[in-house]
Amino acid sequence: MIKRKKYIIGNWKLNNGFAETTKYFTQFNKLLNSDKILLNNKQLFYGLAPSYLSLALATKHKISPTQIIAQDVANVDKGSYTSQVSCSQLKDLKIKYAIIGHSETRKYLGVTDAIVNAKAINVFANKMIPIICIGESLDEYNNKLTKKVLANQIKTILQNIDILNASKAIIAYEPLWAIGSGKTPTFEEIAKLAGFIRKTLTSLYDDTTAKQMVILYGGSVNENNAVSIIKQPNVDGLLIGGVSLYPDKFFKIIRDVKNEK
Ligand code: PGA
């Protein structure tokens, strides 16, 4: 049986400059250091995604095993691409993970599934791991199109990604209407859709590969609903926006998930 780790990833979005980043890690590291069992727990993966400018500082401040993650990455390695950041630049900071296709990059920066596919191919070519965001809009949810939308997104984004790379991918299911809204699907719906995502991955690759792939849920996760969500079958972790800005709440979620196991 394949046993997947539990993943807890915080996305700071456009928050936390230098002073706040330093302050955050001072508090967060102190909390982590107070729980050696958590610190040494190999079954837990936790990480934070600061904005590009705070990435380097965060890599200096973080203590092991906290991972520092990029919020996005270019689909090309270098050249005339004003404003973009490449995988090799992230690797200079020893960053191995990048979120791609977050709905806010789709909404404000025009990122499409085809672009997310190109980003994913480039991330794997650089021996990094993508955290691929997918999710339906409120309209699509209301019109019962969620499964169709998710299946299409998965198929397009994973095009030309071989089985070996695919097995390392992290898929974050984030209903657009749940992000930052305080609303979440029911636990049953989350379980049903995580199961559907796993089934879609099985049909694209095979059972063993699909079982190795990590599925996260994101959208209005907080310190009260985190454990119930992560306990759902096929949910391997959480992608947390707003609440990850509070080191105490983010730590509490990690600790509660650890205590739950
Ligand atoms: P939220 O954001 O936790 O603030 O809803 C989630 C996300 O955008 O990843």
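Our structure's up above, just so we're on the same page.
The following refers to the structure shown. Model, not experiment: these values are computed from the prediction.

### With respect to the pattern of salt bridges
A complete count under the given rule lists eleven salt bridges for this structure. One salt bridge in this structure joins Asp72 and Lys119, with 3.1 Å as the shortest N-O distance. One end of the pair, Asp72, is in the loop between β3 (67–70) and α4 (87–92); the other, Lys119, is in helix α6 (residues 113–125), with 47 residues separating them in the sequence. Like Asp72, the residue Lys119 is buried in the burial classification. With its nearest N and O atoms 3.7 Å apart, the salt bridge here joins Arg255 to Asp256. A relative accessible area of 30% places Arg255 in the partly exposed class. The structure contains a network of salt bridges with shared partners spanning Arg4, Arg198 and Asp236.

### Topic: the packing of helix α1 (residues 18–33) against helix α13 (residues 247–260)
Between α1 and α13, the shortest axis-to-axis distance is 9 Å and the interhelical angle comes to 30°. Judged by the inter-axis angle, α1 sits roughly parallel to α13. Considering only the axes of α1 and α13, their crossing is right-handed. Of the residues in α13, those in contact with Tyr24, Gln27, Phe28, Leu31 and Leu32 of α1 are Pro247, Asp248, Phe250, Phe251 and Ile254. Considering only residue class, the contact of α1 with α13 consists of eight nonpolar, one polar and one charged.

### Looking at the packing of α6 against helix α8 (residues 146–157)
It is at 8 Å that the axes of α6 and α8 come closest, and there the two elements cross at 40°. By the criterion of interaxial angle, the relationship of α6 to α8 is oblique. In this structure, the crossing between α6 and α8 has a hand that is right-handed. Packed against α6, whose contacting residues are Asp113, Ala114, Val116, Asn117 and Ala120, the element α8 presents Gln153, Thr156 and Ile157 at the interface.

### Considering the environment of Leu245
You can see Leu245 is positioned in the loop between β8 (237–240) and α13. Along the primary structure Leu245 and Glu188 are separated by 57 residues, whereas in three dimensions their C-alpha atoms are 27 Å apart. With sequence-adjacent residues up to four places away left out, Leu245 is seen in contact with Trp12, Asn15, Asn16 and Tyr24.

### Considerations on the site of the ligand
Surveying the vicinity of the ligand reveals the residues Lys13, His102, Glu174, Ala178, Ile179, Gly180, Gly219, Ser220, Leu239, Ile240, Gly241 and Gly242. Between Glu174 and the ligand, the recorded distance is 2.5 Å, taken from a side-chain N or O atom to an oxygen atom. Gly242 places a main-chain nitrogen or oxygen 2.8 Å from an oxygen atom of the ligand. Considered on its own, the ligand offers 290 Å² of accessible surface; in the complex 94% of this is hidden by protein.

So, how was this worked out
- Per chain, residue numbering runs from 1 following the sequence as it is written.
- Side-chain atom pairs in this predicted model are given and counted only at pLDDT of 80 or more, local residue features only at pLDDT of at least 70, and totals for whole chains, interfaces and linings cover all residues.
- Only hydrogens and water are set aside; all other atoms, that is, all heavy atoms of the structure, feed into the side-chain values.
- Whenever a carboxyl oxygen of Asp or Glu lies within 4 Å of a side-chain nitrogen of Lys or Arg, that contact is scored as a salt bridge.
- Here a helix means four or more residues in a row that DSSP labels H or I, a strand means two or more in a row labelled E, and each is numbered from the N terminus.
- Here's how the labels work: a residue is buried when its accessible area is under 20% of the maximum for its type, exposed when over 50%, partly exposed in between, all with a 1.4 Å probe on protein chains only.
- Fitted lines through C-alpha atoms serve as axes, helices being fitted only where they are in contact, and the angles separating the N-to-C directions of these axes extend from 0 to 180 degrees.
- If an angle is under 35 degrees, it is roughly parallel; if it is over 145, roughly antiparallel; if it lies from 65 to 115, roughly perpendicular; otherwise it is oblique.
- Throughout, a crossing is termed right-handed when the near helix is turned clockwise from the far one, and left-handed when it is turned anticlockwise from it by less than a right angle.
- Contact criterion: two residues are considered in contact whenever any of their non-hydrogen atoms come within 4.5 Å of each other.
- When residues are grouped by polarity, Ala, Val, Leu, Ile, Met, Phe, Trp, Tyr, Cys and Pro land in nonpolar, Asp, Glu, Lys and Arg in charged, and all others, Gly among them, in polar.
- Residues are classed as near a molecule or strand on a simple rule: at least one heavy atom within 4 Å of it.
- Here a polar contact is recorded for every N or O atom pair within 3.5 Å, except that within protein the pair must consist of a potential hydrogen donor and a potential acceptor, and residues adjacent in sequence are included only if both atoms are side-chain atoms.
- What sets the accessible areas is the Shrake-Rupley method with a 1.4 Å probe; for residues, cover comes only from the shown protein chains.

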